[in-house]
Amino acid sequence: MSKTIVISLIFYLIFAGKVFAEEPSAVFAKANTEYQQGRYEEAGGLYEQILESGQESGALYYNLGNSYFKKGQIGKAILNYERALDFFPRDADLQANYAFARSITRGLDERGTVFARFAKRGALLLARNEYAWVALFLLGVLAGVHLMSLSFNWRRNLQTVVIMVGLLALIFHGFFWVLHERFFARRAIVLKDSSVLFEPREGATAHFQVYEGDPVEVLKIQDSWGKVARFDGKEGWITTDHFERLRRGKTNQ
Amino acid sequence: MMCTGISPGAAKEISFQADVDRTIVELGSYLRLTLTVTGVDGLDQPIELPQIDGLESRLLGPQTRVSIINGQYSSSYSLVYFLYPLRVGTFKIPSLTLTVENQTVQSEPITIEAVGTSQAPVASGSTSEGGAQQGMVQQNLSERIFVVLEASRNDVYVNERFDVTVKLFVNGMDVRNISYPQIKAQEFFLEDFQQPAQYEQVLEGVRYQVVEFKTFAYALQPGAFDFGPAEETCQLAIRGDQGRQKGFGGFFEDDFFNDFFGRNYILRPLTISSKTLQLTIRPLPLEGRPADFSGAVGKFVLDAVASPLQLKVGDPITTRLTLAGNGNMRTAEIPIFKENGDFKAYEPQVTVKGNVKISEQVIIPKHSGVKAVPAVSFWSFNPETARYEEQPAGPFALNVAPLEVKELPQIVGSSSRTLNFSNTQEDVLGKDISFIKDRPGRFYDRGYQAWRSIFFGTVLALILMGWGFGYVWHRFSVRVKTDERFAGRLKAPYYARRGLKDAERFLASNDVRGFYDAIHATVQQYFRNRLHKPLGSISASNIRSSFQGIGVQEDVVSSLERLLVDCDAARYASAQFNRDRMERTFQDLRRAIDQIERKCRLRF
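Residues numbered from 1 in each chain as written. Chains lettered and ligands numbered in written order. Predicted model: local features only at pLDDT ≥ 70, side-chain atom pairs only at ≥ 80, totals over all residues. Heavy atoms only, no water.

**Comments concerning the overall build of chain A**
Here is step 1: Scanning chain A from N- to C-terminus turns up nine helices and eight strands.
Here is step 2: Buried residues in chain A amount to 45% of all 253 residues.
Here is step 3: Pairs at least 24 apart in sequence give 58% of the contacts found in chain A among residues at least 6 apart. (Helix = DSSP H or I, 4+ residues; strand = E, 2+ residues; numbered from the N terminus. Buried < 20%, exposed > 50% of the residue type's maximum accessible area, 1.4 Å probe, protein only. Contact = heavy atoms within 4.5 Å.)

Structure (structure tokens):
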């Protein structure tokens, strides 16, 4: 009898979290209610709770960004808006809120080179998973058209043109996909105003200033220091607690 | 020594110049004297060279040069003489006077030296010009190619800009791949060199090709410092002494072709250094130095523009400060607007283009009480007046309106024209974020990527497999259509199975004639496709030769031969064939086809 109880207890301890955890949708709805009643701290906490359970969605990041915005944490708000861009980059509400949040930061307008602007636009054309499915669709279309051209005995030149156009479309799509992945993998948002230093040590010479909400590109992580680059190409070192990356994962060391 | 005379007050500028190609000449050789009159198309009579004891002259001929550059017409007339020394010694070509178009012009005297053969200095890197120039005295290399470093001033202030010129002089040598000069000047900052200029210059009666490099320099600290030397690296093209190797290809090894294609030259690297200059750098005076002086030295002009000047609270004003001058633009700190209680200020965008530095900065008025964009000033030290000078810009008067309030709606035709909302509180227009999303959308596991999913991989594999299968099927179909032999080999087993089935049916009904007709047709169809033979071409007489080289067993060939004989016999005397014989024939054919299929499959 006692053996059965012990086994049941172990089973409970292992699976209790999974079995009895609240559904993310329910927590999301509860967080929305808190938000509507102006309790942004509580709403943000509930949205974060869903993230901690290992789930994420574009609307979740968007609402979390709104909660931080209302609390006056512009850096965190921009961070979560940019994370939401990974899920629905063409959403009008998201674009409006993101632009508004960016406009009230103290940092510079993110201008950069023509290529950098083009790369950002290209990276935000489609959502993370849309790039994968569109690539598959293009490959399927290319295969279908190729087989059709063989089956209907199209002229050789026409076949070549069709295949080349298909391949180019795939290559361009792949290029934008890479831009998208690179953008989200390397980008981080500054959470506190800080000086970016020439060297990764306390007391080093300041190179330039970054403000809360400024985007930076993380080039390297070394202990508790990150080498970051601003859009204008300036590079320097800043402690990792001053910024947060859009995607948490392996660092480019 | 420029041997030039210009007629004063002349309506048309005429000058007269005498130069020699070198100043030292070997006894028995000659040098070339050129008398050039610019501004004329010709002379009525040749210029008479005075008799010089021990020096014989011979007029080679006149040359006329006419050029029109940017619509400007210019001309020159030259007389070229060869001068032959008759003895060793120093000779002086005196100043020559010429009257042209009522203007009198005069050249400078030139001194030349004639030396014996043993005295002629030999130089490496000199060229052997050949032809008329054979016997040219080889002068020191340093007299034929050298570098001159010049600074516009030798007494400057710290951070004051001064011109630096490096000239490469070349006389009668083929110099290639000239690099930009390197100047040793640790206590100075040097700008990049500009595009080099090329021209001719006569020095002490010798004409040189000059390559001139210009740049600016700034002193970094006070004191007396060496400036230079300037080092110039280039390559000397020296004619190779290859000799002429006759053999095949001799035509193309001819000197003409070698010279034309530049194959007969050896390029030798050469580094030439100039002399070192001594510069004195003065410190900036402390007296009168303003507190916000940032170290700019030179003459500067600051220009400022701000727009718009009529705006609302929160609207941005773009200010553009343009600093132009002849100082060090890298260190000149253009003034910026700092954030205060009236303005929010963004970090400026600063660009430098040549002698102009531009700063664009956005500032935003925080309230409607702001009346002007404040003035800014730039302090610099002017080395000409030795004083600190201020360049002010602004202020710019502003008209900042407060934020608008909501206007009351009006009703057209209404007597009151305007609705009375006296009990309603007016809303102040503002800006805020859009509301939250009601639905969470699809939740994904954190870090989920569709392309890593099994479903994505399966679909990708299906597409690739379908594409590959479709392509292979297409190739197969094309071959079946275009390769008759291949198609026949594929069809042969099908015809065999169908024929055997027909024969079996006739066997069951004991129809001898029908059976042997079916057997015959099967043999013909099968072998037509399998062996690519014309229909009806297989007979008992030639079947043995048809199977040569395939490796079919002898007994099988024999049974087929017998089978075909039976087929022919059955047409005319079917009564002699009983069921057993028909059964044996059937089995013989089946066995033969089986074996041939196996053999052919291996073979094909």
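Anyway, onward from the coordinates.
**Some details on the side chain of R230 of chain A**
Here is step 1: Looking at where R230 of chain A falls in the secondary structure, it is placed in the loop between β6 (225-229) and β7 (235-239).
Here is step 2: Of the residues examined, R230 of chain A reaches a relative accessible area of 7% and is grouped as buried.

**Overview of the environment of P215 of chain A**
All names here are of chain A.
Here is step 1: Residue position: P215 is located in strand β5 (residues 215-222).
Here is step 2: Residue P215 is classed as buried on the basis of its relative accessible area, which comes to 7%.
Here is step 3: Leaving out residues up to four positions away in the same chain, P215 has contacts with R102, E110, R187, A188 and I189.

**Here's the deal with the packing of aromatic side chains**
Here is step 1: Within the structure shown, the criterion is met by 37 aromatic pairs over all chains.
Here is step 2: Each ring, one from F188 of chain B and one from F225 of chain B, has its centre 6.3 Å from the other, and the planes form 85°; the classification is edge-to-face. Separated by 37 residues along the polypeptide, F188 of chain B in strand β16 (residues 188-190) and F225 of chain B in strand β19 (residues 223-227) bring together distant segments of the chain.
Here is step 3: We classify F225 of chain B as buried; its relative accessible area is 14%.
Here is step 4: Taken together, the ring pairs connect Y61 and F87 of chain A together with Y444 and Y448 of chain B into an aromatic cluster.
Here is step 5: A cation sits over an aromatic face here: K437 of chain B above Y62 of chain A, 4.9 Å from the ring centre.
Here is step 6: In this arrangement the basic side chain of R479 of chain B is found over the ring face of F486 of chain B, its NZ or CZ atom lying 4.2 Å from the centre. (Phe/Tyr/Trp six-rings, centres within 6.5 Å; stacked < 30°, edge-to-face > 60°. Lys NZ or Arg CZ within 6 Å of the ring centre and 35° of its normal.)

**Side note on the interface of chain B and chain A**
Here is step 1: Counting residues at the interface gives 36 residues for chain B, matched by 55 residues for chain A.
Here is step 2: Across the chain B/chain A interface, buried area totals approximately 4,000 Å², and carbon plus sulfur atoms make up 61% of it.
Here is step 3: Our count for the chain B to chain A interface comes out at four salt bridges.
Here is step 4: A salt bridge links R446 of chain B to E56 of chain A, with the nearest nitrogen and oxygen atoms 4.0 Å apart.
Here is step 5: At the junction of chain B with chain A, the criterion picks out 20 residue pairs in polar contact (both at pLDDT 80 or more).
Here is step 6: The set of elements that each furnish at least two residues to the side of chain B that touches chain A consists of β34 (444-445) and α3 (454-482) of chain B.
Here is step 7: In terms of residues, the side of chain B that touches chain A owes the most to one element, α3 of chain B, which gives 11 residues.
Here is step 8: Split by residue class, the side of chain B that touches chain A holds 18 nonpolar, seven polar and 11 charged.
Here is step 9: In terms of strand pairing, strand β1 (residues 55-56) of chain A meets β34 of chain B through two bridges, oriented antiparallel. Note on β34 of chain B: the bridge partner recorded for Q55 of chain A is D445 of chain B. (Buried area = accessible area lost by both parts, 1.4 Å probe. Salt bridge = Lys/Arg side-chain N within 4 Å of Asp/Glu carboxyl O. Polar contact = N/O pair within 3.5 Å; in protein donor to acceptor, adjacent residues only side chain to side chain. Nonpolar A, V, L, I, M, F, W, Y, C, P; charged D, E, K, R; others polar. Pairing = 2+ DSSP bridges.)

**So, the pairing of strand β18 (residues 206-219) of chain B**
Residues and elements named next belong to chain B.
Here is step 1: Across the 14 residues of β18, 10 count as buried, placing the element largely inside the fold.
Here is step 2: Both strand β13 (residues 161-170) and β18 contribute to a ladder of 10 bridges, which runs antiparallel. Paired with K167 across the strands is E212, a residue of β18.
Here is step 3: As paired strands, β16 and β18 are joined by three bridges and run antiparallel to one another. Within β18, the position partnered with F189 by the bridge is Y218.
Here is step 4: Relative to β18, strand β17 (residues 197-203) is paired through seven bridges, and the arrangement is antiparallel. In the strand pairing of β18, E200 is matched with Q209.
Here is step 5: The turn joining β17 and β18, which pair antiparallel and follow one another in sequence, is formed by two residues; a positive phi near 50° is taken by E204.

**Re the sheet that holds strand β3 (residues 24-26) of chain B**
Residue and element names in this part refer to chain B.
Here is step 1: Pairing within the open sheet is mixed, and its three strands lie in the order β3-β10-β7. Strands with a single pairing partner mark the edges of an open sheet, and in this sheet they are β3 and β7 (89-93). Ignoring strand direction, the axes of neighbouring strands in this sheet form an average angle of 30°.
Here is step 2: Where β3 meets strand β10 (residues 110-115), three bridges bridge the pair, whose relative direction is parallel. When the bridges of β10 are listed, I24 appears paired with E113. (Axes fitted to C-alpha atoms, helices over the stretch in contact; angles between N-to-C directions.)

**What about the sheet that holds β19 of chain B?**
All names here are of chain B.
Here is step 1: Sheet architecture is open: three strands sit in the order β12-β22-β19, paired in mixed fashion. The strands lining the two open edges of the sheet, one partner per strand, are β12 (155-157) and β19. Shown here is a sheet whose adjacent strand axes are inclined to one another by a mean of 35°, direction ignored.
Here is step 2: In terms of strand pairing, β12 meets strand β22 (residues 277-282) through three bridges, oriented parallel. Residue pairing in the sheet places V156 in a bridge with I281 of β22.

**Focus on helix α5 (residues 74-85) of chain A**
All names here are of chain A.
Here is step 1: A rise of 1.5 Å per residue sets the reference length of α5, with its 12 residues, at 16 Å; its end C-alpha atoms lie 16 Å apart and thus fit the reference within 8%.
Here is step 2: Most of α5 sits out of view: 11 of its 12 residues are buried.
Here is step 3: Regarding α5, the residues found buried are I74, G75, A77, I78, L79, N80, Y81, E82, R83, A84 and L85.
Here is step 4: Of the surrounding secondary structure, the elements contacted by the buried residues of α5 are α4 (58-71), α6 (92-103), α9 (156-186), β2 (187-190) and β8 (243-245). (Expected span 1.5 Å × (residues − 1).)

**Some remarks on helix α7 (residues 114-123) of chain A**
An α-helical segment advances 3.6 residues per turn. Residues three or four places apart therefore align on the same side.
All names here are of chain A.
Here is step 1: Along α7, the positions that sit buried rather than exposed are A119, G122 and A123. What you see down the axis of α7 is that its buried residues fit within an arc of 95°, all on one side. Facing away from the buried side of α7 by over 90 degrees, the exposed positions are V114 and R121.
Here is step 2: Among the structural elements, α8 (128-151) and α9 are those in contact with the buried residues of α7. (Arc of directions from axis to C-beta.)

**Some remarks on the packing of helix α2 (residues 24-36) of chain A against α4 of chain A**
Residues and elements named next belong to chain A.
Here is step 1: Here α2 crosses α4 at 25°, and the two axes come no closer than 11 Å. By the angle class used here, α2 and α4 are roughly parallel. For α2 against α4, the interelement crossing comes out left-handed. Of the residues in α4, those in contact with F28, N32 and Y35 of α2 are A59, L60, N63, N66, S67 and K70.
Here is step 2: Split by residue class, the contact of α2 with α4 holds four nonpolar, four polar and one charged. (Parallel < 35°, antiparallel > 145°, perpendicular 65-115°, else oblique. Left-handed = near helix turned anticlockwise from the far one by under 90°.)

**A closer look at the nonpolar core**
Here is step 1: Counting 51 residues, the largest nonpolar core has F28, Y47, L60, F69 and Y81 of chain A as the members making the most contacts within it.
Here is step 2: For this core, the domains that each give at least three residues are domain 1 (2-103) and domain 2 (116-183) of chain A.
Here is step 3: Sequence-distant contacts of Y81 of chain A, defined by excluding residues within four places in its chain, comprise Y62, G65, N66, F69, L94, N97, Y98 and A101 of chain A together with I433 of chain B. (Core = buried A, V, L, I, M, F, W, Y, C linked by side-chain atoms within 4.5 Å. Domains from an automatic or database assignment.)

**Some details on the confidence of the model for chain B**
Detailed reading of the predicted model is not advised wherever pLDDT is low.
All names here are of chain B.
Here is step 1: Here chain B averages 78 in pLDDT, while 83% of its residues score no lower than 70.
Here is step 2: Averaged pLDDT values over the elements of chain B bottom out at 42 in strand β1 (residues 4-6) and peak at 93 in α3.
Here is step 3: In this model, residues 120-138 is a region of pLDDT below 50 whose contacts with residues beyond four sequence positions or in other chains number 36 contacts. (pLDDT = per-residue confidence, 0-100.)

**Topic: a nonpolar patch on the surface**
All names here are of chain A.
Here is step 1: There is a patch of nonpolar side chains on the surface, built from M164, L167, L168, I171 and F172 and spanning about 490 Å² of accessible area.
Here is step 2: Mapped onto the elements of the fold, L167 is located in helix α9.
Here is step 3: Residue classification places L167 among the partly exposed residues on the basis of a relative accessible area of 36%. (Patch = residues over 30% accessible without salt bridge, like charges linked within 9 Å, V, L, I, M, F, W, Y side chains within 5 Å. Areas by Shrake-Rupley, 256 points an atom, 1.4 Å probe, with all protein chains shown as cover.)

**Here's the deal with the pairing of β7 of chain A**
Residues and elements named next belong to chain A.
Here is step 1: Burial runs high along β7: four of the five residues are buried.
Here is step 2: One ladder, built from five bridges, connects β6 with β7; its direction is antiparallel. The residue of β7 that forms the bridge with A229 is E235.
Here is step 3: The turn joining β6 and β7, which pair antiparallel and follow one another in sequence, is formed by five residues; a positive phi near 95° is taken by G233.

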